[in-house]
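Coordinate analysis (summary)
Chain by chain, the residues run as shown.
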Amino acid sequence: MRSALTILGIIIGVTAVIAMLAVGTGARKEIAKQISSMGSNLLIILPGATTAGGVRMGSGTQPTLSLSDAEAIQKQCPWVSDVAPIFSGIAQVVYGHQNWSTGVIGSFPNILVVRNWPLDSGRPFTQQDVKNATKVCIIGQTVVENLFGSSDPLGKIIRINKIPFTIIGVLSHKGQSAQGQDQDDTIYVPVTTAQKKLFGTSFPGMLRVIMVKAKSSEDLPLAENQINELLRQRHHIGRDRENDFTVRNLTQIMEAAEQSTRVMTLLLGAIASVSLLVGGIGIMNIMLVSVTERTREIGIRMAVGAKTWDIRLQFIIEALTLSLIGGIIGIIIGISGSKILSILAGWTTIITPFSVLLAFGFSGLVGMFFGFYPAYQASLLNPIDALRYE
Amino acid sequence: MVQGSSNMSLIQVRELTKIYRLGDIDVRALNNVSVTVEQGESVAIMGPSGSGKSTFMHILGCLDTPTSGRYFLEDEDIGYLGRDELARIRNQKIGFVFQGFNLLPRTSALENVELPMLYNGISSRERRERAMMALKEVGLEDRWDHQPNQLSGGQQQRVALARALVNKAPLILADEPTGNLDTKTSAEIMEIFVKLNSESNITVILVTHEPAIAAYSRRTIKFLDGFIVGDTR
């Protein structure tokens, strides 16, 4: 009973270590997944950020980005691997008796590369389709479900804002975005088709967004600088004037998200270390009591020839056993707790062999560390005094 | 000098003095005590409480160290040994039997007897065999799995005797071994001591204040106020 209470501290500590690492790695993996579902090494260029003096409108309210900007970035920035201009809108989509409202995105064929999004079936549209503003489209899984149910959509004709489009490809399932949007509820068409045929605009060639993929994550800042310079030059922005566009770096968003999980991990880590400390002191306490209670036994062992280290090892091993039992129970509770947490709270938790080993190692270290002092005390006893102890 | 030579005494104690400090007063528990005990002797040490006989036994048993004087056990100079060396001597050369039995509680008789062999690296199989043999020697082999609280006083003392025998020590020290036993059981225990002494040539030194128990020994040393006042054979 007393031992059970003693190892409780260790159990809580180890449970916290396991949970901490499970939630930490889980969250990190989740963030990485969401970021890569956006596409990796991405820069997003938004038009018309600011109007210095006078009324300021939000990003994207000015028609300052054009298709030729996108083409220029592609041609003149060596750190950039792919450029995908975006011109999008909401449209009503009809097939047979079914209809559905969804976001239609006009872009280049390489949008699939930039968004890191393979096709399930069919083919992507081509640069030729962009040039000719062909009425072809690639549809997401949610659109497939709502318009076609289980039948094969490839080659079918759907009407987007009453204009007939041929379905040439179906996107693979991607799931929710970091903001909780259904990313599969979308249709991709050539950017020129969107501009000229679907969503009329008084500014021919204008874009809502340009997505840029850098060659590698190290190249992101370089690419960002290059794009800034190029666009300022192309838009004839004077030295002291503010940009009429914004370049956003997705890694910044990722870093912010990682920061928040790091805080969480640190918090759990603090709980873990405090309770391991308390647990260790508990073990030291019970071992000191045990040494006092068993003074006679120590005396007997010394009388029949136990050496200093025989006595020490005996008590260290006992402390170690206590803490490792606590550690094993803690690992079991920690693993099942993490599973429950991921079911109840919907967090991704990942338990790695490393975290189990770490927790086990920590409980062992605590046992050794806090077991040593009582063991040391025991080994210093004088044999006759220990034998006479009542 | 060569160890184990025939003319060597088992125990040689020269001018042994032990002084305890109790507060500001020095208590001379032993005063220039000199004794020689040969291998195979049986010695009873007698004397009233506080006469120094227990202190003498503790020093002989390497449980305590003298303030001055010299102690040779099988020609090994005990006075200059450290803690772990003394533990080795206790393990190899001395078997203890105490008044209060001093067995480990909640531990079987067999495991109690195995205890000394735990500290000199004997394999678990040999430990078991030798412990069983020692129990047989004291007539307790059928109780090997009993714990001390399931055994009578006499049986517990026999387990303690088996424990003292198991490492084949040449010397057995017994501190009032019959102090907690009735007369009949005391006689049984003493018969075992006599048998060990005569058949196995084990030196037995026991402390007692009962003349009837001392009578089992061939030699009696009397202590008073830290001095030896009598040594009769």
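Our subject is the structure that appears above.
The notes below deal with the structure included here. (Residues numbered from 1 in each chain as written. Chains lettered and ligands numbered in written order. Predicted model: local features only at pLDDT ≥ 70, side-chain atom pairs only at ≥ 80, totals over all residues. Heavy atoms only, no water.)

What follows deals with the pairing of strand E7 (residues 171-175) of chain B. Residues and elements named next belong to chain B. Here E7 lies mainly inside the structure; five of its five residues are buried. Neither face of E7 is exposed, since Leu171, Leu173 and Asp175 on one face and Ile172 and Ala174 on the opposite face are all buried. Inspection of the sheet shows strand E6 (residues 94-97) paired to E7 by four bridges, in the parallel sense. Residue pairing across strands places Phe96 opposite Leu173, the latter belonging to E7. Strand direction decides the pairing type here: E7 and strand E8 (residues 203-207), joined by five bridges, are parallel. (Buried < 20%, exposed > 50% of the residue type's maximum accessible area, 1.4 Å probe, protein only. Helix = DSSP H or I, 4+ residues; strand = E, 2+ residues; numbered from the N terminus. Pairing = 2+ DSSP bridges.)

The next thing to look at is the sheet that holds strand E4 (residues 68-73) of chain B. Residues and elements named next belong to chain B. What the four strands build is an open sheet, ordered E2-E1-E4-E5; its pairing is antiparallel. Of all the strands in the sheet, just strand E2 (25-37) and strand E5 (76-77) have a single pairing partner and so form its edges. Note that E4 and E5 share two bridges and pair antiparallel. Opposite Phe72, over in E5, you have Asp77 as the bridge partner. Sheet contacts for helix H1 (residues 53-60): strand E1 (11-22), E2 and E4; angle to E1, the most-contacted strand, approximately 120°. (Contact = heavy atoms within 4.5 Å. Axes fitted to C-alpha atoms, helices over the stretch in contact; angles between N-to-C directions.)

For the rest of this paragraph, the subject is unusual backbone geometry. Residue and element names in this part refer to chain B. Located in the positive-phi region is Cys62, a residue other than glycine, with phi close to 60°. Structurally, Cys62 can be placed in the loop between H1 and E4. Relative accessible area serves as the criterion here: at 1%, Cys62 is assigned to the buried category. Even without a glycine there, the phi angle at Asn102 is positive, about 50°. By the secondary structure assignment, Asn102 is in the loop between E6 and helix H3 (109-114).

Below, the discussion takes up the nonpolar core. For soluble globular proteins, nonpolar side chains are generally found buried alongside one another. Formed by 70 residues in total, the largest nonpolar core has its most connected members in Ile11(B), Phe56(B), Tyr71(B), Leu73(B) and Ile205(B). Considering each element in turn, this core owes the most residues, ten residues, to helix H1 (residues 2-38) of chain A. With near-sequence residues (within four places) excluded, Ile11(B) lies in contact with Val35(B), Thr36(B), Val37(B), Leu60(B), Tyr71(B), Phe72(B), Leu73(B), Leu171(B) and Ile205(B). (Core = buried A, V, L, I, M, F, W, Y, C linked by side-chain atoms within 4.5 Å.)

All right, on to the side chain of Gln141(A) then. Residue and element names in this part refer to chain A. Along the chain, the position of Gln141 falls in helix H5 (residues 141-148). Here the side chain of Gln141 touches Asp120 through a polar contact of 3.2 Å, side chain to side chain. Ignoring any residue separated from it by four or fewer positions in sequence, one finds Gln141 in contact with Asp120, Val170, Leu171, Ser172, His173 and Asp184. (Polar contact = N/O pair within 3.5 Å; in protein donor to acceptor, adjacent residues only side chain to side chain.)

In this structure, the second largest pocket occupies an estimated 360 Å³ of space. Mapped by element, the contributors of at least two residues to the lining of the second largest pocket are helix H12 (383-388) of chain A together with H1, E6 and E7 of chain B. Tallied by class, the residues present in the lining of the second largest pocket amount to nine nonpolar, five polar and five charged. (1 Å grid on protein atoms, 1.4 Å probe; cavity = no way out; pocket = protein on both sides within 12 Å on 5 of 7 lines; lining within 4 Å. Points joined across faces, edges and corners; volume = space filled by probe spheres on them. Nonpolar A, V, L, I, M, F, W, Y, C, P; charged D, E, K, R; others polar.)

Another point: the pattern of salt bridges. One side chain can pair with another of opposite charge once the charged atoms of both are near each other. Residue and element names in this part refer to chain B. Scanning the model with the defined rule gives 20 salt bridges over all chains in all. The partner of Lys93 in a salt bridge is Glu74, and the shortest N-O contact between them spans 3.3 Å. Here Glu74 lies in the loop between E4 and E5 and Lys93 lies in helix H2 (residues 83-93), a separation of 19 residues in the sequence. Glu74 carries the same exposure label as Lys93, and that label is buried. Across the pair Glu76 and Arg88 runs a salt bridge, and its minimum N-O distance is 3.0 Å. Linking Glu76 in strand E5 with Arg88 in helix H2, this pair joins segments that are twelve residues apart in sequence. Given the relative accessible area of 27%, Arg88 is considered partly exposed. (Salt bridge = Lys/Arg side-chain N within 4 Å of Asp/Glu carboxyl O.)

Attention shifts here to the packing of aromatic side chains. Residue and element names in this part refer to chain A. Here the structure, examined in full by the defined rule, presents eight aromatic pairs over all chains. Consider the rings of Phe87 and Phe199, whose centres lie 6.3 Å apart with planes at 50°: the pair is tilted. Of this pair, Phe87 sits in strand E2 (residues 80-95) while Phe199 sits in the loop between helix H6 (191-198) and strand E9 (209-214), placing them 112 residues apart in sequence. Since its relative accessible area comes to 11%, Phe199 is described here as buried. With centroids separated by 5.0 Å and ring planes inclined at 85°, the aromatic side chains of Phe369 and Phe370 adopt a geometry described as edge-to-face. Residue classification places Phe370 among the buried residues on the basis of a relative accessible area of 10%. Between the NZ or CZ atom of Arg208 and the centre of the ring of Phe87, over which it lies, the distance is 5.0 Å. (Phe/Tyr/Trp six-rings, centres within 6.5 Å; stacked < 30°, edge-to-face > 60°. Lys NZ or Arg CZ within 6 Å of the ring centre and 35° of its normal.)

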